[in-house]
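Spelled out from the first residue to the last, the chains are:
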Amino acid sequence: MTHVRNAAMVLVAVLLVVAGVWASWGSAQHVLLSKGREHGTLTVTGCTDEWCSGSYVPGEPGSPRRTLTIARSVAAGPGSVVPVVVKPGTDEGVRTGWGGRLHAWLPLGGALLLAAPLVAGGLRMRRTAWGLAGAGGALVVAAFLAL
């Protein structure tokens, strides 16, 4: 019975971490694998509860200027200038630089924080749990400070 309980705890903890990676990869792939993608700056002109939009100035001459949207959590507000990479086939930008990288991996940080109590309480692996919690907490705090 103990082996079944341990296997269930391992399965749930791994599922949490995999879900965190999966949720992070949607934005992280554009920031980490940005070679060959369209880069530029976004000047934020207005924000709603979830999105900010503004005029996009491409980094390459000859590319068209247009309006892009970006998640409000990575934009400082109207008037701020944010370096972005454009998601292919959309008018949505993803913040680049350290702030964008850390923000993209924020769901993974939360998943690590959620998995830590399972590892500590269910598997009785306290040192590993402290490592998970430390890594997740450091990622969350670093993303907060970088933005």
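Each residue is numbered by its place in its chain's sequence as written, counting from 1. With the structure being a predicted model, the display of local features is reserved for residues of pLDDT at least 70 and the display and counting of side-chain atom pairs for 80 or more, all residues being used for whole-chain, interface and lining totals. To obtain the side-chain values, all non-hydrogen atoms of the structure were used and water was disregarded.

**Student:** Outline helix α4 (residues 126–146), supporting the account with residue identities and numerical values.
**Tutor:** Taking 1.5 Å as the rise per residue, α4 with 21 residues should run 30 Å; its terminal C-alpha atoms sit 30 Å apart, in good agreement. Within α4 the residues assigned to the buried category are A129, G136, L139 and A143. When α4 is viewed along its axis, its buried side chains cluster within an angular range of 100 degrees and face the same direction. Looking at α4, the residues exposed on the side facing more than 90 degrees away from the buried face are R126, R127, W130 and L145. Contacts were defined at the residue level, with two residues in contact if any of their heavy atoms lie within 4.5 Å. In DSSP terms, a helix is any run of H or I states spanning at least four residues, a strand is any run of E spanning at least two, and both are numbered starting from the N terminus. Each element contacted by the buried residues of α4 is listed here: α2 (97–104) and α3 (106–122). Helix span, expected: 1.5 Å multiplied by one less than the number of residues in the helix. Partly exposed residues are those whose accessible area sits between 20% and 50% of the maximum for their type, while under 20% is buried and over 50% is exposed, using a 1.4 Å probe and protein chains only. Arc, as used here, means the arc of the directions from the helix axis to the C-beta atoms.

**Student:** Any chance you could break down the packing of α2 against α4 for me, citing the residues and the numbers?
**Tutor:** Two elements in contact, α2 and α4, have axes whose closest approach is 8 Å; the angle formed by their N-to-C orientations is 140 degrees. Regarding α2 and α4, the two cross each other, and that crossing is left-handed. Contact with α2, carried on its side by G99, L102 and H103, involves L139, A142, A143 and A146 of α4 and no other residues of that element. Amino acids are sorted into nonpolar (Ala, Val, Leu, Ile, Met, Phe, Trp, Tyr, Cys and Pro), charged (Asp, Glu, Lys and Arg) and polar (every other residue, Gly among them). Per-class residue counts for the contact of α2 with α4 are five nonpolar, two polar and no charged. What counts as an axis is a line fitted to C-alpha atoms, over the stretch in contact for a helix, and the angles between N-to-C directions run from 0 to 180 degrees. Whether a crossing is left-handed or right-handed is set by the direction in which the near helix is turned from the far one by less than a right angle, anticlockwise for left-handed and clockwise for right-handed.

**Student:** Give a description of the pattern of salt bridges that names residues and reports values.
**Tutor:** By salt bridge we mean one thing: a side-chain nitrogen of Lys or Arg within 4 Å of a carboxyl oxygen of Asp or Glu. Here the structure, examined in full by the defined rule, presents three salt bridges. Residues R66 and D91 are paired through a salt bridge, measuring 3.2 Å at the closest nitrogen-oxygen approach. Residue R66 is located in strand β3 (residues 66–71), and its partner D91 is located in the loop between β4 (81–86) and β5 (93–95); the two are separated by 25 residues in the primary sequence. The salt bridge partner of E92 is K87, with a shortest N-O separation of 3.3 Å. The exposure class of E92 is partly exposed, given its relative accessible area of 21%. Residue class for K87 comes out buried when judged on its relative accessible area of 16%. Each member of the salt-bridge network shares a partner with another, and the members are E38, R66 and D91.

**Student:** Residues and numbers for the nonpolar core, please.
**Tutor:** Take the buried residues of types Ala, Val, Leu, Ile, Met, Phe, Trp, Tyr and Cys, join any two whose side-chain atoms come within 4.5 Å, and each joined set is a nonpolar core. Counting residues in hydrophobic clusters, the biggest one holds 11 residues: L42, V44, C52, Y56, L68, I70, V74, A75, V82, V84 and V86. Breaking this core down by element, the ones donating at least two residues are β1 (39–47), β2 (51–58), β3 and β4. The dominant element in this core, judged by the number of residues it contributes, is β4, at three residues.

**Student:** Can you break down the packing of helix α1 (residues 2–32) against α2 residue by residue, with the values?
**Tutor:** Interaxial distance between α1 and α2 falls to 8 Å at its minimum, and their mutual angle equals 155 degrees. One way to sum up the angle between α1 and α2 is to call them roughly antiparallel. Crossing hand, α1 versus α2: left-handed. Residues S24, S27, A28, V31 and L32 of α1 touch α2, and the partners they reach there are G100, R101 and A104. For the contact of α1 with α2, the residue count by class is four nonpolar, three polar and one charged. Any angle between 65 and 115 degrees counts as roughly perpendicular, while under 35 counts as roughly parallel, over 145 as roughly antiparallel, and the rest as oblique.

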